[in-house]
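Inside the fold
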Amino acid sequence: MAGITIDRVTKTFGKAPALRDVSLEIREGEFMVLLGPSGCGKTTLLRTVAGLERVDSGRVRIGDRDVTDLAPRDRNIAMVFQSYAVFPHMTVEQNIGFGLRMKRRPKDEVRRRVADGAELLGLVPYLSRYPAQLSGGQRQRVAVARAVVMDAPVLLMDEPLSNLDALLRLQARADLKRLHNEVKRTTIYVTHDQVEAMSMGDRIAVMRDGIIVQVDAPMEIYDRPATQFVGSFIGSPPMNFLQGTIRDGTFSGDGFAFPVPQRPEGADGRPLLMGVRAEHLTLGGGDIPARVLVSEPLGSHALITAMVGTTPLKVQAPIQTVVRPDEQIHLGVQPSLVRWLDQATGEALP
Amino acid sequence: MDRPSPSPRYLLDRSLVYGLAVLLALWVVVPFYLIGVAAFSPRDAVFEYPKALVPTDLTAETMAFFVNSRGVIPSVINSLAVAAITITFALLLGAPAGYALARFRFPGRDGFQLAVLATKMFPISILSIPLAVTFLRLGLYDNLIGVALVHTAMALPFVILVTSGVFVAVSHELEEAAQTLGCTRLGAFRRVALPLALPGLAAAAIFTFVISWNEVFAATILTLRNRTLPAQVLSTLADSPLYYKFAGGFFMVVPAIIFIFFMRKYLLNLWGGK
C-alpha cells in the first residue's frame, strides 16, 4: 500500500504547457478523480505517474520511493487505458496473466490469480476467447482484470468507461466502485464526466489548463466551488451566476436589486458573482424578483428557467409546481448556500 | 419481394465498366496464358501456325530443357541467395526506420519521408556505371553481396513505407500497456508490436523478394560469372531458341504471381486502400 505525492510537476509538449507546477497528495487507499475538460492535462498527469511521460521538472513519489526517473515497469503500478489496450493476439486468459508472466511468477500462482481476477470481473466463461470475439464491455473488464491481478499498490485508470454506451457505463461505474471497495488500492481515475467523478471519487481534483483548480471531497466541490469554472463544470444544470454589486445590504445588477442578509467581508462595492445551485433556489417566499421564462417537467422534478433582470437562472422545483410563462415570482435562497465570487478573477471570496 | 428492374442507363453503365475491366484483364492475362501454354507444349509447337488456343498435348519437356540448360540451376541458386541477403538487409534497415516514422515525431520527419521516396527518382541505369566502378574498387564486383546491396537500396523505400504503415496500425497504447505490465521498451516491442506486425512484415519481405528476383539491369552490369537468373537469361537470350525464352519467361513470372495472390490485401492497403 502506498500513497502518491506529485510535487511541483511541469510538463511541456513543444511550446504548449500541459502541466504547470502541479502538486497533489493522494492518500493511501484513496480513490482520487482527476476531472476536467479535454486538454486540461489530466491524462498527462496520470501518465507522468505511470512513467509513460517524463516530467520536465518536479518529482513523483509512490509511497516513500522517488519514482520520477524510473521506467513504468519499476514503479509498481497497474494501468487501465482508455482504448483498453487489450492484446489482440492473446486470449483473455493470456491477457489477464500477461503482467504476472512478465514478473516471472510461478505458473500455478499465475493460474490461480488469473482465475481470481476472472471471477472478480465475471470473465470466467470467456477465458479462452480472443478480444475480437468480445463486446466492448467485456474488453473493458479484461483490461481492468489485467491491471487488478498485478496486485500493484497503485491503480491508474484513464477514462476507462468513455467508450461504453450509456447503459453499460452505469453498470460498469457501479462495478468499478464495488471493486475499489474490495481491493482498496490507491487509485487515480481520469475522467471528463462530472457524474462519474461525483459518484466514484473519495476526492476530486478539478483541472483546467494544466493547473489543479480545486481538490476536495465531491460534495464540498459541488457545494463550495473554488472558482466560477468549477461551479459551472460540475453539476447539471451548472451553478447559476448572477453579476452585480453589494451596496448598503442590497445586491443589485442589470435589472434587479434585492437585499442580502449575509455577505462576506470586503464585498461591498466591488464587482461580484453570486453563485447558487438550482436546487437551493426555492419558489415563493424569497426576496429575489424573477419572471418565469419556461418550465420543464423532468419526471422527478421540474426545471424552471426564470429571468432575474437580464440573467436566466435555473431553478429546481417540485414536480407539482405549476407556473406559467411570464408569471412574476419571487425566489428564495438560504444565505449559507450562496457562494460569492470575484467577478474579475472568478475566484470565491473567503 | 421483387426489386424494381434497373434502368437501361444503369445497365449500360455497368456493362461499359465491366467491358473495360475485362478488356484490361485480357491485355495482361493473354500474354501470360500464351507464355504458359508455350512453356508446357512440345518444343516444335512454338513454330506451328495457326496456334491452338487450347494446348493439345501438355508436356514438361520444354521446361525440363530450360531448367537443365547450362548455367540455369546455378543462377537460380544465385538469385535465391541474393534475394535472401536483400531481404535480410532491407528488413534490418527498413523496419526500424518504418517503426521510427510510425512512432516518433522527430525534427525532419517529413523531409526524411520525402527523401526516402526521392531515391526512387534515380534511374538504376544512370547509377549502374559509377556503381560498377565503385564495386570494382571495393572488390564487390561480380559478387552476390554487391548485387544484394543494390537490390536493398532499390527495395528500402518500399520496405520503410510499408512497415511504417504496418506499425501505425499497431496501437501505441498496446506497447505502453505492456510496459506498465512489466516489459522494457524492447520487450514490449518484441512481445506485442512485433507479433501483431508480423503479417505486414512478411508482406514486405515477399515484396522485397520479388523486386530482387525480377531485377535484371543492375544484376547484369555488376556480375560476370555469378549471374542471377534474369541476368543469365538475358545474356543468353540472343542465342537461345524461342521455346527456351518462353520457358524462362514462365519460370521467372510464377513467383511474382504467387506473391500477388497472397499479398493482395497488403498491396491494396499500400496503394491507396486507406
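Just so it is clear, the model here is predicted, and its values are computed rather than measured.

Quick look at the sheet that holds strand 14 (residues 272-276) of chain A now. Each strand in a sheet pairs with its neighbour through backbone hydrogen bonds, running either in the same direction (parallel) or in the opposite one (antiparallel). Residues and elements named next belong to chain A. In space, the 5 strands of this open sheet follow the order 13-12-11-14-19, with antiparallel pairing throughout. Looking along the sheet, the strands with just one partner apiece sit at the ends: strand 13 (256-259) and strand 19 (339-342). Across the sheet, the axes of successive neighbouring strands diverge by a mean angle of 35°, strand direction being ignored. The sheet contact formed by strand 11 (residues 240-247) and strand 14 spans 5 bridges and is antiparallel.

So, on to the pattern of salt bridges. Residue and element names in this part refer to chain A. Under the defined criterion, the tally for this structure stands at 24 salt bridges over all chains. Among the ionic pairs, Arg27 bridges to Glu30, the shortest N-O distance being 3.5 Å. The buried category is assigned to Glu30, whose relative accessible area is 5%. One salt bridge in this structure joins Glu53 and Arg47, with 2.8 Å as the shortest N-O distance. Here Glu53 and Arg47 have matching classes, each one buried. One network of salt bridges, with partners in common, ties together Arg105, Glu109, Arg113, Asp151 and Arg185.

Here the focus is the packing of aromatic side chains. Taken as a whole and assessed by the stated rule, the structure comprises 17 aromatic pairs over all chains. With a centroid separation of 5.5 Å and an interplanar angle of 35°, the aromatic rings of Phe31(A) and Tyr189(A) are classed as tilted. On the criterion of sequence distance, the pair formed by Phe31(A) in strand 3 (residues 31-35) and Tyr189(A) in strand 8 (residues 186-191) is long-range, its members being 158 residues apart. Ring centres 5.1 Å apart and planes at 85° place the aromatic pair Tyr99(B) and Phe167(B) in the edge-to-face group. Placement of Tyr99(B) in helix 3 (residues 72-103) and of Phe167(B) in helix 6 (residues 144-169) is noted, with a sequence separation of 68 residues between them. The pair formed by Tyr99(B) and Phe167(B) is uniform in burial state, with each residue classed as buried. By way of ring pairs, the aromatic residues Phe251(A), Phe256(A), Phe258(A) and Trp340(A) are connected into one cluster. Over the face of the ring belonging to Tyr222(A) we find Arg277(A), whose NZ or CZ atom lies 4.0 Å from the ring centre.

Bringing the interface of chain B and chain A into the picture now. Contacts between the two partners involve 15 residues from chain B and, on the opposite side, 21 residues from chain A. Roughly 1,700 Å² is buried in total at the junction of chain B and chain A, and carbon and sulfur atoms are behind 68% of that figure. Considering only the surface of chain B that becomes buried against chain A, Glu173(B), Thr180(B) and Leu181(B) emerge as the three largest contributors, covering 40% of it. On the surface where chain B and chain A come into contact, there are 1 salt bridge. Put simply, Glu176(B) and Arg47(A) hold a salt bridge, and the shortest N to O gap is 2.7 Å. With 7 residues, the single largest contributor to the side of chain B that touches chain A is helix 7 (residues 172-180) of chain B. Its residues assigned to classes, the side of chain B that touches chain A comprises 8 nonpolar, 4 polar and 3 charged.

This part covers the pairing of strand 9 (residues 203-208) of chain A. All names here are of chain A. Among the 6 residues of strand 9, 5 are classified as buried, and the element is accordingly described as predominantly covered. Of the pairings in the sheet, the one linking strand 3 to strand 9 comprises 4 bridges and is parallel in character. What sits directly across from Val33, in strand 9, is Ile204. Here 5 bridges tie strand 9 to strand 10 (residues 211-216), and the two strands are oriented antiparallel to one another.

Quick look at unusual backbone geometry now. All names here are of chain A. Here the amide bond leading from Ser236 into Pro237 is cis, since omega sits at 0°, within 30 degrees of zero. Structurally, Pro237 is set in the loop between helix 8 (228-233) and strand 11. The backbone phi angle of Asp209 is positive, close to 50°, even though this residue is not glycine. Take Asp209: it is sitting in the loop between strand 9 and strand 10.

This brings us to the packing of helix 7 of chain B against helix 8 (residues 185-214) of chain B. Residues and elements named next belong to chain B. In the contact formed by helix 7 and helix 8, the axes pass within 8 Å of each other and the chain directions differ by 135°. Between helix 7 and helix 8, the angle is such that the two are oblique. Pair helix 7 / helix 8 crosses with right-handed handedness. Contacts from His172, Leu174, Glu175, Ala178 and Gln179 in helix 7 reach Arg185, Ala188, Phe189, Val192, Ala193 and Leu196 in helix 8. Residues belonging to the contact of helix 7 with helix 8 are distributed by class as follows: 7 nonpolar, 2 polar and 2 charged.

Cut-offs and rules
For every chain, the first residue of its written sequence is number 1, and the numbers climb from 1 along that sequence. For this description, chains carry letters from A and ligands carry numbers from 1, given in the order in which they are written. Under the rules for a predicted model, residues below a pLDDT of 70 receive no local features and side-chain atom pairs below 80 are neither given nor counted, while totals for whole chains, interfaces and linings still include all residues. Each side-chain value is derived from all of the structure's non-hydrogen atoms; neither hydrogens nor water enter the calculation. We call two strands paired when DSSP finds no fewer than two bridges between them. Helix and strand labels come from DSSP, where a helix needs a run of H or I of at least four residues and a strand needs a run of E of at least two; each type is numbered from the N terminus. Simply put, an axis is a line fit to the C-alpha atoms, just over the touching stretch for a helix, and the angle between two N-to-C directions goes from 0 to 180 degrees. Note on definitions: salt bridges are taken to be side-chain nitrogens of Lys or Arg within 4 Å of carboxyl oxygens of Asp or Glu. Note on classification: 1.4 Å probe, protein chains only; a residue is buried when its accessible area is under 20% of the maximum for its type, exposed when over 50%, partly exposed between these limits. Put simply, two rings from Phe, Tyr or Trp (the six-membered ring, in Trp's case) pair if the centres are within 6.5 Å, and we call them stacked under 30 degrees between planes, edge-to-face over 60, tilted for the rest. We call a charge positioned over a ring when the NZ of a Lys or the CZ of an Arg lies within 6 Å of the ring centre and within 35 degrees of the ring normal. By definition in these notes, contact holds between two residues if any of their heavy atoms fall within 4.5 Å. Buried surface area refers to the total accessible area, computed with a probe of radius 1.4 Å, that the two partners give up upon joining, counted for both partners together. Gly is placed with the polar residues, together with every amino acid not listed as nonpolar (Ala, Val, Leu, Ile, Met, Phe, Trp, Tyr, Cys and Pro) or charged (Asp, Glu, Lys and Arg). An angle below 35 degrees is treated as roughly parallel, one above 145 as roughly antiparallel, one from 65 to 115 as roughly perpendicular, and anything else as oblique. Handedness of a crossing is defined here by the sense of rotation of the near helix relative to the far one, left-handed for an anticlockwise turn of less than a right angle and right-handed for a clockwise turn.

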